[in-house]
Amino acid sequence: MTREEFLERLGDLLACLPAEQIEESKAFYAEAIADRMEDGMSEEEAVAAIGSPGAVAEAILNDLPAVPRVIAKTRRRSNVLLWILAIVGSPLWFVLALAFAAVAFTVYLCIWILALCVWIIAAALGASGIVALALATCGIAIGNVPYVLAMAGAGLGLMGGTLFVGAGAWAVTKQIARLSALWVNKALSPFSKHRGDGETGRPNGRAGRLPVNPSVDGGGDAERTAGGEHFSAAATAALN
Amino acid sequence: MTNVKKTYFSVAGGLLALGIILAVLGFAASGFNPAVFQTQIDLRSNSINFGGVEVDDPSGIPFVNLLENLGEIDLAAPEAPSAPRAYVK
C-alpha cells in the first residue's frame, strides 16, 4: 500500500471525526511514514510498519475522550442513528449532564471555599489584633498599665499570628489553585483531552506515540524522545 | 528560602514573641489576675470595664467616645399613621 492510499483510506475511516481532526491525523501519519522512509525504508515497508489503516483509525478513535468517542463511533455507524439517540435520549443525557455539571461546579466551589476559610481566619486574627491594639490605647487613657501591656501583647501576638496564618493561607491557595486546575481537567476529561503535554503536535495531544499501547502511554520523557525506532516498535506492539 | 520570606517570617516571629512577652508581663503586673484580658463596653447601662477597672467617664477614652457619640439607635417600628376620618355630610 502506498502512502497516499494509506492516508486516503485513513481519511475515509475517520470520516466520523471533524475535518480538522482528520487532517491533523493524516498529517501526523504522513510525517511518520516520511520519517521511516528517510531512515531507509521503502514506501511500502514504512506504511506496513505503521499498521493497517483500520487498526490506526480504531486506535485514534479509542484514544478520544469518552463522550466524543461514543459520538464518533455512533456517527460512524449512522448519522441518523446519532440524531435519533440524541433526541430520544435527551431527557436522560440532558439531566445527567446537568447533574454532572452541578456536581463538578460544587466541588470546584468547595475547593475554593476551603482557601477562603483560611483567609477569613487570617483576616479575623488581623482584625482582632487591631482591636486589641486600639484597646491598649484606651488602657493608656485610663492609666491601667497591666491592661495596656496585656492588650498590646495580645495585639502584637495576634498580628504575628496573622502573618503566619497569611503565609499558610497563601501556600494553601497555591496548592488549591493546582488542585482546582486538576479537578477542571478531571471534570472535562470525558469531553476533551488536555493538550498540555503534546510537544510534537501528535493527534489528541500525544507526542510521537501511538495511542493504543498502554505500556507506551504510561511512559516517561525518555520514551517520548526515543525517536523513530521507538515509534516503530510501539506501532508494531500496538497492532499485534 | 528567599530573603523576603526570611524577613517576613522573622517579623512574624518577632511580633508573636514580643506579644507573648508583653501579655505575660501584663498578666504578672496585674497580680496574675485573668480579668486583665477582659474588656466590657456596654453603653446601654453605661458600664465600661477595662481589665477589671471600671471607667466612670468614657468621654476621654479614644474610640469609646466615638461609640458614645453614636448614641442609642432606636430599632422599634415606627407608629402607624392614624386612619383618615370619614367624610360625613
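It should be noted that the structure appears before, not after, this text.
Remember, predicted model here, so these are calculated numbers, not experimental data. (Residues numbered from 1 in each chain as written. Chains lettered and ligands numbered in written order. Predicted model: local features only at pLDDT ≥ 70, side-chain atom pairs only at ≥ 80, totals over all residues. Heavy atoms only, no water.)

What follows is about the overall build of chain B. Regarding its fold elements, chain B presents two helices and three strands. Of the regular secondary structure in chain B, the N- to C-terminal order runs α-β-β-β-α. Considering chain B as a whole, with its 89 residues, one finds that 18% of them fall into the buried category. (Helix = DSSP H or I, 4+ residues; strand = E, 2+ residues; numbered from the N terminus. Buried < 20%, exposed > 50% of the residue type's maximum accessible area, 1.4 Å probe, protein only.)

The interface of chain B with chain A comprises 30 residues on the first partner and 24 residues on the second. Counting the surface lost from both chain B and chain A, the interface buries some 2000 Å², and carbon and sulfur atoms represent 83% of this. Viewed at the interface, chain A and chain B are joined by zero salt bridges. Applying the counting criterion to the chain B and chain A interface returns three residue pairs in polar contact (both at pLDDT 80 or more). When contributions to the side of chain B that touches chain A are tallied by element, the ones reaching two or more residues are α1 (3–29), β1 (39–42) and β3 (53–55) of chain B. Top element by residues in the side of chain B that touches chain A is α1 of chain B. It accounts for 15 residues. Of the residues contributing to the side of chain B that touches chain A, the split by class is 22 nonpolar, eight polar and no charged. (Contact = heavy atoms within 4.5 Å. Buried area = accessible area lost by both parts, 1.4 Å probe. Salt bridge = Lys/Arg side-chain N within 4 Å of Asp/Glu carboxyl O. Polar contact = N/O pair within 3.5 Å; in protein donor to acceptor, adjacent residues only side chain to side chain. Nonpolar A, V, L, I, M, F, W, Y, C, P; charged D, E, K, R; others polar.)

On to the packing of helix α1 (residues 3–13) of chain A against helix α3 (residues 43–50) of chain A. Residues and elements named next belong to chain A. Put simply, α1 and α3 touch, their axes get as near as 9 Å, and they point 30 degrees apart. Taken together, the axes of α1 and α3 are roughly parallel relative to one another. Note on element contacts: α3 touches α1 through Glu43, Val47 and Ile50, opposite Arg3, Glu4 and Phe6. (Axes fitted to C-alpha atoms, helices over the stretch in contact; angles between N-to-C directions. Parallel < 35°, antiparallel > 145°, perpendicular 65-115°, else oblique.)

A cluster of nonpolar side chains, contributed by Val67, Ile71, Phe100, Tyr108, Trp112, Val184, Leu188 and Phe191 of chain A, occupies part of the molecular surface with about 630 Å² of accessible area. Considering each element in turn, the nonpolar patch owes the most residues, three residues, to helix α7 (residues 90–142) of chain A. (Patch = residues over 30% accessible without salt bridge, like charges linked within 9 Å, V, L, I, M, F, W, Y side chains within 5 Å. Areas by Shrake-Rupley, 256 points an atom, 1.4 Å probe, with all protein chains shown as cover.)

Let us look at the pattern of salt bridges. Residues and elements named next belong to chain A. As enumerated under the stated definition, the model contains two salt bridges over all chains in all. Glutamate 58 is the salt-bridge partner of lysine 73, the closest N and O atoms lying 3.4 Å from each other. You can see lysine 73 sitting in helix α5 (residues 66–77) and its partner glutamate 58 sitting in helix α4 (residues 53–62), a full 15 residues away along the chain. By relative accessible area, which is 26% here, lysine 73 ends up partly exposed. Judged by its relative accessible area of 28%, glutamate 58 falls in the partly exposed class. Linking glutamate 58 and arginine 76 is a salt bridge whose minimum nitrogen-to-oxygen distance equals 3.2 Å. With glutamate 58 in helix α4 and arginine 76 in helix α5, this pair connects stretches of sequence that are 18 residues apart. Here arginine 76 falls in the partly exposed class, since its relative accessible area comes to 37%. Taken together, the shared-partner salt bridges connect Glu58, Lys73 and Arg76 into one network.

The next point concerns the pairing of strand β2 (residues 47–50) of chain B. Residue and element names in this part refer to chain B. Residue alternation in β2 divides its side chains into two sets, Ser47 and Asn49 and Ile48 and Phe50, and both sets are buried. Here β1 runs beside β2; their pairing, made up of four bridges, is antiparallel. By the bridge assignment for β2, aspartate 42 is matched with serine 47. What sits between β1 and β2 in their antiparallel hairpin is a turn of four residues, with asparagine 46 showing a positive phi close to 55 degrees. Direction of pairing for β2 relative to β3: antiparallel, over a ladder of three bridges. Counted as the bridge partner of asparagine 49 is glutamate 54 from β3. (Pairing = 2+ DSSP bridges.)

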